[in-house]
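# Coordinates in review
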Amino acid sequence: MSAQAAPTPATDPTLKAPLVRIEDLVKYFPAGGGLFGRTVVHAVDGVSLAIEAGETLGLVGESGCGKSTLGRVIVRLLPATSGHVYFKDTDLTKVRGEKLRRTRQEIQMIFQDPYASLNPRMTVGDIVSEPLRNFGVARGRKAEQKVQEVMRVVGLNPNFVNRYPHEFSGGQRQRIGIARALVLEPTFIVADEPVSALDVSIQAQIVNLMEDLQAKYDLTFLFIAHDLSVVKHISDRIAVMYLGKIVEIGTSNAIRDRPLHPYTKVLESSVPVPDPDLESARKPILLKGEIPSPVNPPSACRFHTRCPIAQQICSEVEPPLEMKENGRFAACHFPGQL
Amino acid sequence: MQDLRVQFATSGGTVTAVDGIDFEIDRGEIVGIVGESGSGKTMTALSILRLIPEPGKITSGRILYGEKDVVEMTDEEIREFRGNEVAMIFQDPMTSLNPVLRVGFQVEEAMAAHARFTRDQAKQRVVPMLQRVRIPAAKDRVRDYPHQFSGGMRQRAMIAMGVSNEPSLLIADEPTTALDVTVQASIIELLRDLSRELRAAVILITHNMALVASLCNRVIVMYAGRVVEEGPTRAIFKNPQHPYTWSLLRSMPRIDETAKERLISIKGLPPDLGKMPPGCKFHPRCKFRIDRCFTEEPPLDEVDPMQRARCWVLMKNVPEPETKA
Ligand SMILES: Nc1ncnc2c1ncn2[C@@H]1O[C@H](COP(=O)(O)OP(=O)(O)OP(=O)(O)O)[C@@H](O)[C@H]1O
Ligand SMILES: Nc1ncnc2c1ncn2[C@@H]1O[C@H](COP(=O)(O)OP(=O)(O)O)[C@@H](O)[C@H]1O
Ligand code: SF4
Ligand code: SF4
Ligand SMILES: [Mg+2]
Ligand SMILES: [Mg+2]
């Protein structure tokens, strides 16, 4: 890379020690039933990002915009179509064999649905210890001890090791998922909507637990959610995604207080607050139309079909995701104007 | 609704899903029912239509609609009541629409089913109804199938079917839970407009306190099948008296928070309705409980002329509650 190249989110100069660097990541899925049999879903379409060691990066966006796909490609549950994911200095899209195994141990994922993501025929002990066996890290007594330790850490009674997932509540199941993710002592965790399926009072328990674990074990999180309030609360920085692309990145406070991208502004204005006085003053910006299909995303700026301030140029020239100020990236021809 | 009780006879004994609920709602009013899943919100709503699923039963209480008691209505009367006076909107619009029939036809059927319209009138009204719920290019979309609609449009279509008969009571059970925030915002605006246009009473059932703040005049908070607090929205949010309401409001992250504050979490889980604790049903999770809470269940008492709470202690009597929570 030449010295004067403009910074991308992957080379954000304001970050001190990025643990994960994602460059131009693309993930296409074949779309069934296209007229010419060759259509693709542009689920993730050229994403660049960096995640600082020890931070929580929030990822928000509407359903179907590609958040989960991005998360799954990062942890290599799905192969990338093109692009790179660097973890420390290893390119996860290329690495194989022993090195892959060692790297994967450091990267874990927590899933949205605490019901579907746990094998109903395995006991909690087996579920939590499975990664230890798969990676040949520990077995027998040692594995048992490790399992009991992480169960205690996530607030599950270690006496429950022989119970099955259906005997637990949603919040407890999410704790089981977290215990399983922690057992290999990872440094980086992708949490895909870890609290979306939970009741409000239980959400708070899990959010607090994740914050405690991060402080205790120096974890780095990619926290995926569609609820901007939760993401704002837990994240140091936020990346906003629309139709397969990142449209804005900034610190959580900056994203909320001074959204640069019109889509971020719309999201921010749509979130209700539990205060009737503020609510009577809030005017959500309602979007026209619907989220377009990722099979045929709109030309140039993908938001132009719904953007309240779109101009001619928006459908002709794609706005790059540029650094607009220190640590602030936005992909818009008219940033901050909505 | 007076002293309503809904029970299920299960293999593990009798489960009381709704226990002694009283409330009133007027035309033009929007009342929110909030609570965690399983707290009895849906059963309360279904009982207004006498639609409690088997083996559930309304075992006591009266549901007065004007002068009439819904519990006592004949089958004929209840059918008429459901068809002409009340509309119910559910969480998942996909499961309530028939996937193989065109959306426009389903809206037409819904109207034709009511005595109020002839088939021809129903046909004529489909496009205006879809326009009324702000489906863009409604004329071109009437011949679409449900899967060609987005989640938000399906919810609009459901609402169109519900309100096509100009009901005087609209019950929306988690109408936006499955939707994105941007879509949620537009559905909430739609419900607000419709309640004005139709002068209908609206019951919004949700677990999202913020939605209630935005839409409702009055709030009912449910816990373990009981109303634990109710009152005008402003009072409930500014001056909650029940520890459950108070904690719930502090357990959700707010987008307008300035400094990162730790969320107040409610420890433990809601009780299993088959194994209810004695005393106050919230006492195993309550941080403000006193001895009496373990053995005696508090009544839903007036704490203010408009506000009632079911608690022996009340938050106004707890100095510096944050330090205890
Ligand atoms: N295996 C697959 N085959 C084909 N298309 C897929 C596949 N997985 C995901 N997609 C499509 O890719 C796009 C992005 O999906 P993804 O699950 O990443 O969205 P998301 O942002 O996580 O949404 P949500 O908020 O609903 O979880 C969607 O259009 C989805 O339908
Ligand atoms: N068919 C049934 N048999 C037994 N219990 C039921 C049945 N349907 C609902 N319940 C119980 O009634 C309670 C209240 O349910 P519901 O009104 O659906 O709660 P909410 O809408 O607040 O989530 C729950 O504990 C639920 O398990
Ligand atoms: S580039 Fe144009 S259409 Fe896209 S977000 Fe900016 S103003 Fe809107
Ligand atoms: S009655 Fe007692 S246990 Fe119940 S909510 Fe009030 S203080 Fe808590
Ligand atoms: Mg997802
Ligand atoms: Mg329900």
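Scroll up to find the structure this text is about.
Residues numbered from 1 in each chain as written. Chains lettered and ligands numbered in written order. Predicted model: local features only at pLDDT ≥ 70, side-chain atom pairs only at ≥ 80, totals over all residues. Heavy atoms only, no water.

### Quick notes on the sheet that holds strand β7 (residues 86–89) of chain B
Residue and element names in this part refer to chain B.
- Strand order in the open sheet formed by eight strands is β7-β8-β9-β3-β10-β11-β13-β12, with mixed pairing between adjacent strands. Looking at strand neighbours, the two that pair on one side only are β7 and β12 (301–304), the edges of this open sheet. Here the strands of the sheet are splayed against their neighbours by 20° on average, with no regard to which way each runs.
- In the sheet, strand β3 (residues 30–34) pairs with strand β9 (residues 201–206) via five bridges, with the strands oriented parallel. When the bridges of β9 are listed, I30 appears paired with V202.
- Relative to strand β10 (residues 218–223), helix α11 (residues 243–251) is tilted by about 105°, and along the sheet it contacts β10 and β11 (226–232). (Pairing = 2+ DSSP bridges. Helix = DSSP H or I, 4+ residues; strand = E, 2+ residues; numbered from the N terminus. Axes fitted to C-alpha atoms, helices over the stretch in contact; angles between N-to-C directions. Contact = heavy atoms within 4.5 Å.)

### Here we look at the nonpolar core
- I159(B), I171(B) and L191(B) are the most contacted members of the largest nonpolar core, which totals 105 residues.
- For this core, the element with the most residues is helix α7 (residues 151–163) of chain B, which contributes seven residues.
- Apart from the residues lying within four places of it in its own chain, the contact partners of I171(B) are A45(B), I48(B), V86(B), A87(B), M88(B), I89(B), I203(B) and I205(B).
- Grouped together as the second largest cluster of nonpolar side chains are 65 residues, L132(A), F135(A), I178(A) and V271(A) included. (Core = buried A, V, L, I, M, F, W, Y, C linked by side-chain atoms within 4.5 Å. Buried < 20%, exposed > 50% of the residue type's maximum accessible area, 1.4 Å probe, protein only.)

### What about the site of ligand 4?
- Looking at ligand 4, there are 13 residues lining it, with C280(B), C286(B), C293(B), C311(B) and W312(B) nearest.
- Counted by class, the shell around ligand 4 contains 10 nonpolar, two polar and one charged residues. (Near = heavy atom within 4 Å. Nonpolar A, V, L, I, M, F, W, Y, C, P; charged D, E, K, R; others polar.)

### Focus: the site of ligand 2
All names here are of chain B.
- In the neighbourhood of ligand 2, 14 residues make up the surrounding shell, with G38, G40, K41, T42 and M43 lying closest.
- Within the backbone of G38, an N or O atom sits 2.7 Å from an oxygen atom of ligand 2.
- The protein chains hide 70% of the 570 Å² of surface that ligand 2 would expose on its own.
- Of all elements in the fold, only β1 (2–10) and α1 (41–48) reach the threshold of two or more residues within the shell around ligand 2.
- Partitioned by chemical class, the residues of the shell around ligand 2 number five nonpolar, six polar and three charged. (Polar contact = N/O pair within 3.5 Å; in protein donor to acceptor, adjacent residues only side chain to side chain. Areas by Shrake-Rupley, 256 points an atom, 1.4 Å probe, with all protein chains shown as cover.)

### Considering the pairing of β10(B)
Residues and elements named next belong to chain B.
- Of all six residues in β10, six are buried; the element is thus mostly enclosed.
- Side chains R218, I220 and M222 project from β10 onto one buried face, and the interleaved V219, V221 and Y223 project onto a second face that is buried too.
- The pairing of β10 with β11 spans six bridges and is classified as antiparallel. Note on β11: the bridge partner recorded for V219 is G231.
- Taking the residues that link successive antiparallel strands as the turn, the β10-β11 hairpin has two residues, and the phi of A224 there is positive, at about 50°.

### A word on the packing of aromatic side chains
- Across all of its chains, the model carries 10 aromatic pairs over all chains by this definition.
- Ring plane angle 80° and centroid distance 5.0 Å describe the contact between Y242(A) and F303(A), whose orientation is recorded as edge-to-face. Taken together, the residues Y242(A) in strand β9 (residues 237–242) and F303(A) in the loop between α10 (276–281) and β11 (322–325) connect sequence positions 61 residues apart.
- Judged by its relative accessible area of 1%, Y242(A) falls in the buried class.
- Here F303(A) falls in the buried class, since its relative accessible area comes to 2%.
- Here Y244(B) and F282(B) contribute two aromatic rings whose centre-to-centre distance is 5.3 Å and whose plane-to-plane angle is 70°, an arrangement assigned as edge-to-face. (Phe/Tyr/Trp six-rings, centres within 6.5 Å; stacked < 30°, edge-to-face > 60°.)

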